[in-house]
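Breakdown of the fold
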Amino acid sequence: MLRIAVPNKGSLSGPAAEMLHEAGYQQRRESKELRIVDPENEVEFFYLRPRDIAIYVSSGKLDIGITGRDLLIDSGASAETILPLGFARSTFRFAGKPGTAAGIADLAGKTVATSYEGIVAKHLADNGIDASVVHLDGAVETAIELGVAEVIADVVETGTSLRNAGLEVFGDPIMKSEAVVIRRVGAEADEPKVQQFLRRLQGVLVARTYVMMDYDCRVEQLEKAVALTPGLESPTVSPLHNEGWVAVRAMVPSKEAQRIMDDLYDIGARAILTTAIHACRL
Ligand SMILES: Nc1ncnc2c1ncn2[C@@H]1O[C@H](COP(=O)(O)OP(=O)(O)OP(=O)(O)O)[C@@H](O)[C@H]1O
Ligand SMILES: O=P(O)(O)OC[C@H]1O[C@H](OP(=O)(O)OP(=O)(O)O)[C@H](O)[C@@H]1O
Ligand SMILES: [Mg+2]
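Residues numbered from 1 in each chain as written. Chains lettered and ligands numbered in written order. Predicted model: local features only at pLDDT ≥ 70, side-chain atom pairs only at ≥ 80, totals over all residues. Heavy atoms only, no water.

Moving on, we get to the overall build of the protein chain. In terms of regular secondary structure, the protein chain is built from nine helices and 15 strands. Taken against the 2.2 N^0.38 rule, which gives 19 Å for 282 residues, the C-alpha radius of gyration of the protein chain at 24 Å runs more than 25% over that of a compact globule. Evaluated residue by residue, the protein chain yields a buried proportion of 43% over its 282 residues. Of the contacts made within the protein chain by residues no fewer than 6 positions apart, 67% connect residues no fewer than 24 positions apart. Total accessible area on the protein chain stands at roughly 15,100 Å², and carbon and sulfur atoms take up 50% of it. (Helix = DSSP H or I, 4+ residues; strand = E, 2+ residues; numbered from the N terminus. Rg over C-alpha atoms; globule rule 2.2 N^0.38 Å. Buried < 20%, exposed > 50% of the residue type's maximum accessible area, 1.4 Å probe, protein only. Contact = heavy atoms within 4.5 Å. Areas by Shrake-Rupley, 256 points an atom, 1.4 Å probe, with all protein chains shown as cover.)

Here's what the structure looks like:
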């Protein structure tokens, strides 16, 4: 049975459960459940603190886990990303009151508050900066107002939390993060159960980012139309009852669907339809 760690709380937890559900896995019914078995898929899910997941996975007790790239790196655990999942996207940045610092070089001798001590200490050391790091569990934006630190390093998504605290980012982003699937460094690479799990999640990612497009066009326009909708391998082209016309079917990135429909219309394609993809295996 495949043993998988899933975030039990925080920003990662809801979207991770939703993605697993879309991939056909049973998920817990109550937020207090700490572990469930999905016998049909031969998978056991352990609901753990996101910050602890890399540690469990690196220990080899659990086969794979879903966590944030920033949490994985911060933990220093011997685990690696095997599939980025595209949700819980954030950047990790320094911030302070306006005028406190313009870049990392201005941090020498200052105190930085953060929940990600591992990332911050390494980033400062890599840049040869001697600064103190204070570990706080959360709500670090308040640390400056309360005099615990002059600068913070924290997760930024919309920037609302920083603005509300009267703070501004400075310097280059320390890292970009998103939810990732991780496994132990050195774990057997092509274990069939793990590969099947990854294919299912990849199927969800593709279903979320592509739509199916169907249209009719005149044979003379087919080459131009196919150039607009090359599909993954190549589009399906079927004859229509009316001679000189064909029906074309191809997957297209959802973000580009409207532009492609306009371009197809301009070259004479008609009856252009897009439909959602619910699941797929590439
Ligand atoms: N506002 C946010 N937007 C996007 N991702 C976020 C946000 N806040 C945290 N994350 C991401 O979520 C992960 C942290 O998860 P964790 O559950 O520890 O914190 P949290 O979402 O802030 O929840 P908590 O309320 O428990 O602090 C990290 O990968 C981080 O990058
Ligand atoms: O840029 P924003 O969209 O405002 O998002 C970033 C904020 O979200 C998270 O905080 P959370 O609400 O989880 O509280 P925490 O600081 O206690 O973890 C993170 O720690 C930042 O504070
Ligand atoms: Mg938080």
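What follows is about the sheet that holds strand 5 (residues 79–84). Spatially, six strands are ordered 2-3-1-4-11-5 in an open sheet, and the strand pairing comes out mixed. Looking at the sheet topology across the chains shown, the edges are occupied by strand 2 (35–38) and strand 5. Adjacent strand axes in the sheet meet at a mean angle of 30°, parallel and antiparallel pairs treated alike. Here strand 1 (residues 2–7) pairs with strand 4 (residues 64–68) via two bridges, running parallel. Counted as the bridge partner of I4 is I64 from strand 4. Contacting strand 1, strand 4, strand 5 and strand 11 (179–184), helix 7 (residues 192–209) runs over the sheet at an angle of about 40° to strand 5. (Pairing = 2+ DSSP bridges. Axes fitted to C-alpha atoms, helices over the stretch in contact; angles between N-to-C directions.)

Once that is clear, we can look at the site of ligand 1. Looking at ligand 1, there are 14 residues lining it, with G10, S11, P50, D70 and S90 nearest. D70 is positioned such that a nitrogen or oxygen atom in its side chain is 2.5 Å from an oxygen atom of ligand 1. Taking E157, its side chain carries an N or O atom lying 3.5 Å from a nitrogen atom of ligand 1. In the complex, the protein chains occlude 66% of the 590 Å² of accessible area that ligand 1 would expose alone. (Near = heavy atom within 4 Å. Polar contact = N/O pair within 3.5 Å; in protein donor to acceptor, adjacent residues only side chain to side chain.)

For the rest of this paragraph, the subject is the site of ligand 2. Lining the immediate surroundings of ligand 2 are G138, A139, E141, D154, V155, V156, E157, T158, G159, T160 and S161. Contact between ligand 2 and E157: an oxygen atom at 2.8 Å from a main-chain N or O atom of the residue. The protein chains hide 60% of the 490 Å² of surface that ligand 2 would expose on its own. If you list the elements that add at least two residues to the shell around ligand 2, you get strand 9 (151–156) and helix 6 (160–164). By residue number, the principal contributor to the shell around ligand 2 is strand 9, which donates three residues. In terms of residue class, the shell around ligand 2 is made up of three nonpolar, five polar and three charged. (Nonpolar A, V, L, I, M, F, W, Y, C, P; charged D, E, K, R; others polar.)

The subject of this paragraph is the domain arrangement of the protein chain. As far as domains go, the protein chain holds domain 1 (2–87 + 178–189), domain 2 (90–176) and domain 3 (211–276). The C-alpha-based centres of domain 1 and domain 3 are spaced at 39 Å. (Domains from an automatic or database assignment.)

All right, on to the nonpolar core then. In terms of nonpolar packing, the biggest core is built from 42 residues, with F45, L85, F94, V181, F197 and L201 touching the most fellow members. No fewer than three residues from each of domain 1 (2–87 + 178–189) and domain 2 (90–176) sit in this core. When neighbours within four sequence positions are excluded, L85 is seen to be in contact with M19, I66, E178, A179, V180, V181, L201 and L205. In this structure, M213, A225, I260 and A269 belong to the second largest nonpolar core, which totals 15 residues. (Core = buried A, V, L, I, M, F, W, Y, C linked by side-chain atoms within 4.5 Å.)

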